Amino acid sequence: MSDNTFRKPVRKAVFPVAGLGTRFLPATKAIPKELLPVVDRPLIQYAVDEAREAGIEEFVFVTGRGKTAIVEHFDTAYELEATMTARGKSLEPLEPTRIQPGNLVTVRQQVPLGLGHAVWCARAVIGDEPFAIFLPDELMYGSPGCMKQMVEAYNEVGGNLVSVLEVPMEEVSSYGVIAPGAVNGALTEVKGLVEKPKVADAPSNKIVSGRYILQPEVMGLLETQGKGAGGEIQLTDSMAKLIGQQPFHAVTFAGRRFDCGSKLGFVEATLAIALDRPDLGDDVRAMMTKMLG
Ligand code: UTP
């Protein structure tokens, strides 16, 4: 399964954050979905922390109308910091929001034509390097983080990788699904990829779950990619064309995944993370026990 050619390190990551977030209206009318907080950190912060842990140095945000606040979140808030310092308050809660000057790049997706189109909008920044993609509404929770596990796999097999998890067969139609080949521990060879298949046509119940490491050649494929499932330009369709040309594997994440693009997933993430927090867990558990009678 391995590709022994020289592998460039994964230094850049694309965060597509230009979607409309219609499933969360009215909350997302004026506030980007990616800034909705799970406990006390916005979704985008969890993704950026996971990227940092995996060695990502350059953060490329694909934004759109109404998404500027996401960039503000990672900016220096001079007045806030000066006031907090004057009042003797610790600036520690702001530490994760600091990105090295010059390492945050934004590109604009003028019209949300789909995930594939959003990724293609970052092509000039990516150039000829492999890159990671994070969908921030998929909150991957575990240590080591999902992308760190994927980078470790990439260092062994190279090529392209997606993170996958198994769902009940009746749920596959909402996701990208892999046709699995040989399995080696957490690594599965990918023989095919299909976006939102009918249950009867799905090649497996292993769905792609919001994390990717791709070779830059995918950008050339996206350039001419037509609309796919849901009338959107699908990343899955261009990735499928790489299979057979370059190594392509799936990594089963050893950790928990919360689909924070859905209301139920968002509530689940909030409860699970609050329960797991050393500073909150006991109080939240007591509160929930009382609530549930
Ligand atoms: P979703 O499928 O969750 O779409 O996109 P959405 O628009 O954010 O949310 P709903 O379905 O209307 O509620 C997955 C990720 O891809 C980004 C989104 O911002 C999200 O992070 N995306 C999607 C784009 O950046 N551009 C697009 O054209 C579509």
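Residues numbered from 1 in each chain as written. Predicted model: local features only at pLDDT ≥ 70, side-chain atom pairs only at ≥ 80, totals over all residues. Heavy atoms only, no water.

**Examining the overall build of the protein**
Looking only at helices and strands, the protein features ten helices and 13 strands. Its C-alpha radius of gyration of 19 Å places the protein within 12% of the 19 Å reference for a compact globule of 293 residues. Within the protein, the proportion of its 293 residues that are buried is 49%. Sequence-distant contacts, at least 24 apart, represent 75% of the contacts inside the protein between residues at least 6 apart. Surface summary for the protein: the accessible area is close to 14,300 Å², and the carbon and sulfur share equals 54%. Separation of charge centres in the protein, based on 30 positive and 36 negative side chains, amounts to 5 Å. (Helix = DSSP H or I, 4+ residues; strand = E, 2+ residues; numbered from the N terminus. Rg over C-alpha atoms; globule rule 2.2 N^0.38 Å. Buried < 20%, exposed > 50% of the residue type's maximum accessible area, 1.4 Å probe, protein only. Contact = heavy atoms within 4.5 Å. Areas by Shrake-Rupley, 256 points an atom, 1.4 Å probe, with all protein chains shown as cover. Lys, Arg positive; Asp, Glu negative; His and termini not counted. Charge placed at Lys NZ, Arg CZ, Asp CG, Glu CD.)

**Here we look at the packing of aromatic side chains**
What the rule picks out here adds up to six aromatic pairs. Taken together, a centroid distance of 5.2 Å and an interplanar angle of 75° make the contact between Phe15 and Phe61 edge-to-face. One end of the pair, Phe15, is in strand S1 (residues 12–16); the other, Phe61, is in strand S4 (residues 58–63), and 46 residues separate them in sequence. Of the two residues, Phe15 and Phe61, neither departs from the other in class, the shared state being buried. What makes Phe61 buried here is its relative accessible area of 0%. By the ring-pair criterion, three or more aromatic residues cluster together here, those being Phe15, Phe59, Phe61, Phe74 and Phe134. Seen from the ring of Tyr46, Arg41 lies directly overhead, with NZ or CZ sitting 4.1 Å from the centre. Looking at Arg123, its charged tip hangs above the ring of Trp120, at a distance of 3.7 Å from the centre. (Phe/Tyr/Trp six-rings, centres within 6.5 Å; stacked < 30°, edge-to-face > 60°. Lys NZ or Arg CZ within 6 Å of the ring centre and 35° of its normal.)

**Some points on the side chain of Glu129**
Inspection of the secondary structure assignment puts Glu129 in the loop between helix H5 (123–126) and strand S6 (131–134). Within polar-contact distance, the side chain of Glu129 engages the side chain of Arg11 at 2.8 Å. With near-sequence residues (within four places) excluded, Glu129 lies in contact with Pro9, Arg11, Lys12 and Pro216. (Polar contact = N/O pair within 3.5 Å; in protein donor to acceptor, adjacent residues only side chain to side chain.)

**So, the packing of helix H9 (residues 263–276) against helix H10 (residues 281–291)**
In contact at an axis separation of 6 Å, H9 and H10 are set at 125° when each is read in the N-to-C sense. By the angle class used here, H9 and H10 are oblique. Residues Leu271, Ala274 and Leu275 of H9 pack against Gly281, Val284, Arg285 and Met288 of H10. Counted by class, the contact of H9 with H10 contains five nonpolar, one polar and one charged residues. (Axes fitted to C-alpha atoms, helices over the stretch in contact; angles between N-to-C directions. Parallel < 35°, antiparallel > 145°, perpendicular 65-115°, else oblique. Nonpolar A, V, L, I, M, F, W, Y, C, P; charged D, E, K, R; others polar.)

**A short note on unusual backbone geometry**
Omega for the bond connecting Leu25 with Pro26 falls within 30 degrees of zero, at 5°, which places this linkage in the cis form. By the element assignment, Pro26 lies in the loop between S1 and strand S2 (37–38). Cis rather than trans, the peptide bond between Ser143 and Pro144 has omega equal to 0°. Along the polypeptide, Pro144 turns up in the loop between strand S7 (138–141) and helix H6 (146–157). In this structure, Val39 is a non-glycine residue whose phi angle is positive, near 65°.

**A look at the site of the ligand**
Of all residues adjacent to the ligand, which total 18 residues, the nearest are Thr22, Arg23, Lys33, Gln109 and Gly114. Leu20 places a polar main-chain atom, nitrogen or oxygen, 2.8 Å from an oxygen atom of the ligand. Between Gly21 and the ligand, the recorded distance is 3.1 Å, taken from a backbone N or O atom to an oxygen atom. Computed on the free molecule, the ligand has an accessible area of 570 Å², of which 84% lies beneath the protein chains in the complex. Among the residues forming the shell around the ligand, the class breakdown is nine nonpolar, five polar and four charged. (Near = heavy atom within 4 Å.)

**Focus on the pattern of salt bridges**
Under the definition given, this model contains 16 salt bridges. The closest approach of N and O atoms between Lys8 and Asp128, which form a salt bridge, is 3.6 Å. Taken together, the positions of Lys8 in the segment before S1 and Asp128 in the loop between H5 and S6 put the pair 120 residues apart, joining distant regions of the chain. For Lys8, a relative accessible area of 34% corresponds to the partly exposed category. A salt bridge links Lys12 to Glu129, with the nearest nitrogen and oxygen atoms 3.6 Å apart. Linking Lys12 in strand S1 with Glu129 in the loop between H5 and S6, this pair joins segments that are 117 residues apart in sequence. (Salt bridge = Lys/Arg side-chain N within 4 Å of Asp/Glu carboxyl O.)

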